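Residue strings, one per chain:
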Amino acid sequence: MATYKARLKEFDAALSAEEVDLRKLKDLCFHGIPDEQGTRALCWKLLLNYLPAHRSTWSQILNQKRDLYKQFIEEMVIPPGEVKDDEESCRTDVTCADHPLSSNPDSLWQAFFRDNEVLLQIDKDVRRLCPDISFFQQATEAPCLKVVNSRGLRRLHRRVQHTVLNSANVERRGLGITKIALLVKKAQEDYAPMAEGSEAHWEVVERILFLYAKLNPGQGYVQGMNEIVGPIYYCFASNPDAEWRKHAEADCFFCFTNLMAEIRDFFIKSLDEAECGINNMMSRLSEQLRLFDQPVHSRLQQLELRPQYYSFRWLTLLLSQEFPLPDVLRIWDSLFADDNRFSFLIHICCAMIVLLREDLLAGDFPANVKLLQNFPPMDIAVVLRKAAKLSGRRNSDCH
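In this text the structure is predicted, and so the values were computed from the model without any measurement. (Residues numbered from 1 in each chain as written. Predicted model: local features only at pLDDT ≥ 70, side-chain atom pairs only at ≥ 80, totals over all residues. Heavy atoms only, no water.)

**Overview of the overall build of the chain**
Applied cut-off: Elements are defined by DSSP. Helices are runs of H or I of four residues or more, strands are runs of E of two residues or more, and each kind is numbered from the N terminus. Burial classification: accessible surface area is computed with a 1.4 Å probe over protein chains only, and a residue below 20% of its type maximum counts as buried, one above 50% as exposed, and the rest as partly exposed. Residue contacts follow a heavy-atom distance rule, with two residues in contact if any of their heavy atoms lie within 4.5 Å. Here the Shrake-Rupley method, with its probe set to 1.4 Å, supplies the accessible areas, and only the displayed protein chains count as covering residues.
Per the secondary structure count, the chain includes 18 helices and 0 strands. Counting the 399 residues in the chain, one finds 52% classified as buried. Put simply, of all contacts in the chain between residues at least 6 apart along the chain, 74% involve residues at least 24 apart. Total accessible area on the chain stands at roughly 18800 Å², and carbon and sulfur atoms take up 49% of it.

**Looking at the nonpolar core**
Condition: Note on terminology: a nonpolar core comprises buried Ala, Val, Leu, Ile, Met, Phe, Trp, Tyr and Cys residues joined through side-chain atoms within 4.5 Å.
Counting 117 residues, the largest nonpolar core has Trp 44, Tyr 233, Trp 332, Ile 348 and Ile 353 as the members making the most contacts within it. A per-element tally of this core places helix H15 (residues 341–354) first, with 11 residues. Residues contacting Trp 332, with those up to four places away along its chain left out, are Trp 44, Glu 227, Ile 228, Pro 231, Ile 232, Leu 317, Leu 318 and Ser 320.

**Describing the pattern of salt bridges**
For the record, the criterion: The term salt bridge refers to a pairing of a side-chain nitrogen on Lys or Arg with a carboxyl oxygen on Asp or Glu at a separation within 4 Å.
For the structure shown, the criterion picks out 15 salt bridges. Close ionic contact of Arg 66 with Asp 251 constitutes a salt bridge, the shortest N to O distance being 2.9 Å. Here Arg 66, found in helix H4 (residues 58–76), pairs with Asp 251, found in helix H10 (residues 248–263); they are 185 residues apart in sequence, far enough to count as distant. Each member of the pair, Arg 66 together with Asp 251, is buried. The network of salt bridges with shared partners includes Arg 23, Lys 26, Asp 27 and Asp 339.

**Overview of the packing of helix H8 (residues 225–237) against helix H14 (residues 325–337)**
This is how the line gets drawn: Convention adopted: a line fitted to C-alpha atoms gives each axis, helices being fitted over their contacting stretch, and angles between N-to-C directions are expressed from 0 to 180 degrees. Angle categories are assigned with fixed cut-offs, so that under 35 degrees is roughly parallel, over 145 is roughly antiparallel, 65 to 115 is roughly perpendicular, and the rest are oblique. Each residue gets one label: Ala, Val, Leu, Ile, Met, Phe, Trp, Tyr, Cys and Pro are nonpolar, Asp, Glu, Lys and Arg are charged, and the others, such as Gly, are polar.
Running from N to C, H8 and H14 point in directions that differ by 90°, and their axes come no closer than 10 Å. For the element pair H8 / H14, the angle class is roughly perpendicular. The segment H8 lies against H14, with Glu 227, Ile 228, Pro 231, Ile 232 and Tyr 234 engaging Leu 325, Val 328, Leu 329 and Trp 332. Considering only residue class, the contact of H8 with H14 consists of 8 nonpolar, no polar and 1 charged.

**Quick word on the side chain of His 297**
Spelled out, the test is: Polar contacts, as used here, are pairs of N or O atoms within 3.5 Å; protein pairs need one atom able to donate a hydrogen and one able to accept it. Residues neighboring in sequence count only if both atoms are side-chain atoms.
Within the secondary structure layout, His 297 lies in helix H12 (residues 294–302). Looking at His 297, its side chain comes within polar contact range of the side chain of Ser 286, at 3.4 Å. When residues no more than four places from it in sequence are discounted, the contact partners of His 297 are Ser 286, Leu 289 and Arg 290.

**Remarks on helix H18 (residues 380–391)**
As a reminder, the rule being used: Expected helix span is taken as 1.5 Å per residue step, with the number of steps being one fewer than the number of residues.
Here H18 spans 16 Å end to end across 12 residues, near enough to the 16 Å set by a 1.5 Å rise per residue. For H18, every residue scored as buried is listed here: Ile 380, Ala 381, Val 383, Leu 384, Ala 387, Ala 388 and Leu 390. With a side-chain oxygen lying 3.0 Å from the backbone nitrogen of Ala 381, the N-terminal cap of H18 falls on Asp 379. Looking at the residues trailing H18, positive phi occurs at Gly 392, about 85°.

**Digging into the packing of aromatic side chains**
For clarity, the cut-off: What counts as a ring pair is set by centres within 6.5 Å for rings of Phe, Tyr and Trp (its six-membered ring), and what kind of pair is set by the plane angle: stacked under 30 degrees, edge-to-face over 60, tilted for all other angles.
For the coordinates displayed, the defined rule picks out 17 aromatic pairs. On the basis of an interplanar angle of 50° and a centroid distance of 6.3 Å, the ring pair of Phe 135 and Tyr 233 is categorised as tilted. With Phe 135 in the loop between helix H5 (108–126) and helix H6 (145–148) and Tyr 233 in helix H8, this residue pair connects regions lying 98 residues apart in the sequence. The two residues Phe 135 and Tyr 233 agree in class, both being buried.

**Re the side chain of Ser 286**
The residue Ser 286 is located in helix H11 (residues 278–292) in this model. Using a relative accessible area of 19% as the deciding quantity, one classes Ser 286 as buried. Sequence-distant contacts of Ser 286, that is, excluding residues within four places in its chain, are made with His 297 and Pro 307.

**Examining unusual backbone geometry**
Positive phi values are uncommon outside glycine, yet Asn 49 reaches one of about 60°. Here Asn 49 is to be found in the loop between helix H3 (39–47) and H4. The backbone phi angle of Cys 130 is positive, close to 45°, even though this residue is not glycine. By the secondary structure assignment, Cys 130 is in the loop between H5 and H6. According to the relative accessible area criterion, Cys 130 is buried, its value standing at 9%.

In structure tokens:
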């Protein structure tokens, strides 16, 4: 207990400095962030480059970003028909660019209908987000009033009831795999929307992902992004400080955007073979395994059990589907704090395999595929200590 209190004091001292020493903060965060008084939420904002080191600028930056996010909602979530229009004739003239029946490709209404195709996939994914906890089904205490107090199509889930699915997912047929499932976690029923005046946390996440897709048309939404944004939003929306919780949506959006800027290449199929692509990451993992545990590597090679069969999901989704949410938060403390965070991700994945070596050496192809695709419950501290040791860190004590 004394050690834990000492760590809290170290974090308090680091975060209360007029200029946060990011090098020192990263060293502290790598070994786990105490989830008290919003410490993790604040650290993640710093580690994901949402907040700068100078405390004096935080208030101004937060106000600017949160106002910008409100503007995004007004411009991209509110349907075109609700925008003030001085030309009354435009409401009845079907040739008008902003009329729902307009055939003009630049029409806001045409964009509205196209958006619904992507929105359907987002809606489907967020309704099953983290089904092992009830958090995302619960009502947020800070709903977007411009959305929940309306009866129109501002509530995104209402827009997708009769649209056709047409968006990308994490399947990679080019790897010779028929399907890469998004895991065993399954909700018995889709989450239900809240009544007028309220909205559930999953509805907030839906809006974040929709805006991200709108603002990144070259990439759009890819199935699995919901598993990346979920832990960030949970961390921010669970902050003990009510004022920080109030702005969890906007803060999460920008932190998620910054993180996606680093890992977005994993979600772009055309970059699979690039140095920054997912195939290179899987090759690096295979090489690490060969160096650290030649017998296990040889066994998997003998069985033709390629990394694509299990590590594609591990790497693309930052292990968010392999462990319970509290463990994912702990893993991400280390990933976000590591200067070469994707190198450490590979070390974690390698540690996961090495820790299963006895079973893998004895198992056949079906048994080993099942084991690796459904990683067994394990103390996350054990996994991280092993990963830190494999990475050559002097202090491999990960809490």
